[in-house]
Amino acid sequence: MAPSRWSWIRRRAVETVLAAAALGSPAAPTSTPPATASSEVLFSASRRFALRTPDRARDTPLLALLEDLARRIEETLAEPLPSPPGRPWLVIVERGPEAGPPRAIREADLDTRGMGRTLRLVQPEELPPSVILVGIVAGMTGRHVSKRQAPDDANSTPRWAPEWFAAGLAGTLYPAPRQAWLRHAAAEWAAARDPPLDTLLAIEMGRADEHSLPFLTAFMAWLRRFPNFPKLADRILRSAATGTPMGPAELATAINPAWSARDLAQMWDLALAGLRRIEAPWAEPRERRIARLREAITLSRGEIPLALPPDTPVPLHPRDLVRADGAAWVPPLAAQMHSAMNRVPLGNDPDLLEIAADLRSVLAALIQAETSPLARLAHRLRRGPMLRRLDLVERRLDDLEAIAAAEATGDASRTGDDEVEALIRRDAALFDSVLPP
């Protein structure tokens, strides 16, 4: 079940982005225009982008997405998208039985100094949304590469950005896909299913798939946290312009002249490990963190490793442990709950941290149970205060859950800067430079 669940989460995250363009959206009309319908050419507000489509009403919003993606790429690379007058970047949408099977085709025209770039989307509703997103970003970054080529070279052999760069950049541009892919990369790393870095850097054009995209996204998010990322990106694009894309050794030196390929691989492994410790709290909304906290202090029958008295209620909660305080089976189960809580990413949420501290204090007291007659009396005397403390914790969790649900409903359409983007920007501003000028 896990792989299909992750696939659904990641697909829905990217569909959230593409839905704004009415492309691949479940809400889009299901009727297909006749294959013989004439195509119409439309232009974006800046006239930097053109769209050829047989269904104007369905596909026109894609132009707004192209403008938004261009803006985000420009901010990331700290340079404008090369857009010579009269040379709009073109997307062609084709539908119907005569168009053939679903595919996204990246094209570069000769004798245009590399500026004649086209993305042909055939049966776009049947394509994975990530393929469309990566295809658009690859086309735009391709122009950045051609800008760095000699004019004659760009005319005869317009080149593309490395697939790992284009796909990874695409994965970092919007919060929802980025968060889904970061979570998946962390889970895959924890299961020792992460691909070697040299394999990621050698991915061929169009071959970034559902397994590699989470890692490419995480890798680019990590690179973007270096303070001089625009300079690093410029070096990567210049290397692609020469037809000799960077391998691990060259990329390592570009990041830090003292690094080797082995240093880069080690630092990347540490970055993946950091996703488990740091990035998981960014990626999860408050509602999910509250739910995970509740799960941590709830033991189902399959999670209880020892025999319990027949009248013990299952699943078990801290309240049940307090009522049985002094029983031999209480300390190990309290320790199990305490350990599970330590694996819940609470981030810097002061309310959740305070609630967790209260829960830990109750569980810690239960772990330290003693069996002497005097200790048994102490256990009976402390039950009332501990139960009242748990009552307060439960009410606070209920209140936080209600507030989080209301906030999620009110902010459902917000896709601005999130914690990941904020940390990228913070690190770029505060970290000492590790790149040569």
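These figures come from a predicted structure and were not determined experimentally.

Trainee: Explain the overall build of the protein to me, please; I cannot follow it from the model alone.
Mentor: Scanning the protein for helices and strands turns up 18 helices and five strands. Once local pairs closer than 6 in sequence are excluded, the contacts in the protein between residues at least 24 apart make up 71%. Accessible area of the protein: about 20500 Å², with a carbon and sulfur share of 55%.

Trainee: Would you mind showing me how to read the packing of helix H7 (residues 175–190) against helix H9 (residues 212–224) here?
Mentor: Packed helices, taken two at a time, are described by the angle between their axes plus the distance between the axes. Viewed as axis vectors pointing N to C, H7 and H9 meet at an angle of 105°, and their least axial separation amounts to 8 Å. Judged by the angle between their axes, H7 and H9 are roughly perpendicular. Two secondary-structure elements touch here, H7 through Arg 178, Trp 181, Leu 182, His 184, Ala 185, Glu 188 and Trp 189 and H9 through Leu 213, Pro 214, Phe 215, Thr 217, Ala 218 and Arg 224. Of the residues assigned to the contact of H7 with H9, the class counts are eight nonpolar, two polar and three charged.

Trainee: What is the right way to read helix H4 (residues 129–147) from this model?
Mentor: Every α-helical turn comprises 3.6 residues, leaving residues that sit three or four positions apart pointing alike. Counted at 1.5 Å a residue, the expected span for H4 with its 19 residues is 27 Å, and the 28 Å between its end C-alpha atoms agrees. Here H4 lies mainly inside the structure; 17 of its 19 residues are buried.

Trainee: Help me understand the pairing of strand E2 (residues 49–53) in this model?
Mentor: For a regular strand, side-chain orientation follows a simple rule: the groups alternate between the two sheet faces. The buried fraction of E2 amounts to four of the five residues, a majority that puts the element mostly inside the structure. Two successive antiparallel strands, strand E1 (residues 40–43) and E2, enclose a turn made up of five residues, where Arg 47 displays a positive phi of approximately 65°. Pairing of E2 with strand E3 (residues 89–94) involves four bridges; the strand directions are parallel. When the bridges of E3 are listed, Arg 52 appears paired with Ile 92.

Trainee: What is the right way to read the confidence of the model for the protein from this model?
Mentor: Regions with low pLDDT carry predicted coordinates that are not meant to be interpreted in detail. Mean pLDDT over the protein stands at 81; residues scoring 70 or higher make up 80%. Every residue in residues 24–36 scores below 50 in pLDDT, and together they form 16 contacts with partners more than four places removed in sequence or on other chains.

Trainee: Explain the sheet that holds strand E5 (residues 117–122) to me, please; I cannot follow it from the model alone.
Mentor: By way of backbone hydrogen bonds, the strands of a sheet pair with one another, either parallel or antiparallel. Taking strand neighbours across the sheet as the criterion, the five strands line up as E1-E2-E3-E5-E4 in an open arrangement whose pairing is mixed. What marks the edges here is a single partner per strand, and that holds for E1 and strand E4 (103–108). Across the sheet, the axes of successive neighbouring strands diverge by a mean angle of 20°, strand direction being ignored. Packed on one face of the sheet, H4 meets E2, E3, E4 and E5 and runs near 170° to E5.

The rules behind each value
Just so you know, the residues in each chain are numbered from 1, in the order the chain's sequence is written. Owing to the predicted nature of the model, reporting of local features is limited to residues with pLDDT of at least 70; listing and counting of side-chain atom pairs is limited to 80 or more, with chain, interface and lining totals taken over all residues. Heavy atoms throughout the structure, all of them, feed into the side-chain values; hydrogens and water do not. Secondary structure elements follow DSSP: runs of H or I of four or more residues count as helices, runs of E of two or more count as strands, with numbering from the N terminus. When checking whether two residues touch, look at their non-hydrogen atoms; a contact exists if any pair is within 4.5 Å. Each accessible area value is a Shrake-Rupley result obtained with a 1.4 Å probe; residue values ignore everything except the protein chains displayed when judging cover. In this analysis an axis means a line fitted to C-alpha atoms, helices contributing only their contacting stretch, and an angle means the value between N-to-C directions, from 0 to 180 degrees. Put simply, angles under 35 degrees are roughly parallel, angles over 145 are roughly antiparallel, angles from 65 to 115 are roughly perpendicular, and the rest are oblique. Here the nonpolar group is Ala, Val, Leu, Ile, Met, Phe, Trp, Tyr, Cys and Pro; Asp, Glu, Lys and Arg are the charged ones; every other residue, Gly included, is treated as polar. The length a helix should cover is 1.5 Å for every residue beyond the first. Think of it in three bands: residues with accessible area under 20% of the maximum for their type are buried, residues over 50% are exposed, and the middle band is partly exposed, with areas taken using a 1.4 Å probe on protein chains only. Strand pairing follows a simple DSSP-based rule, namely that at least 2 bridges must link the two strands. How sure the predictor is of each residue is captured by pLDDT, a score from 0 to 100.

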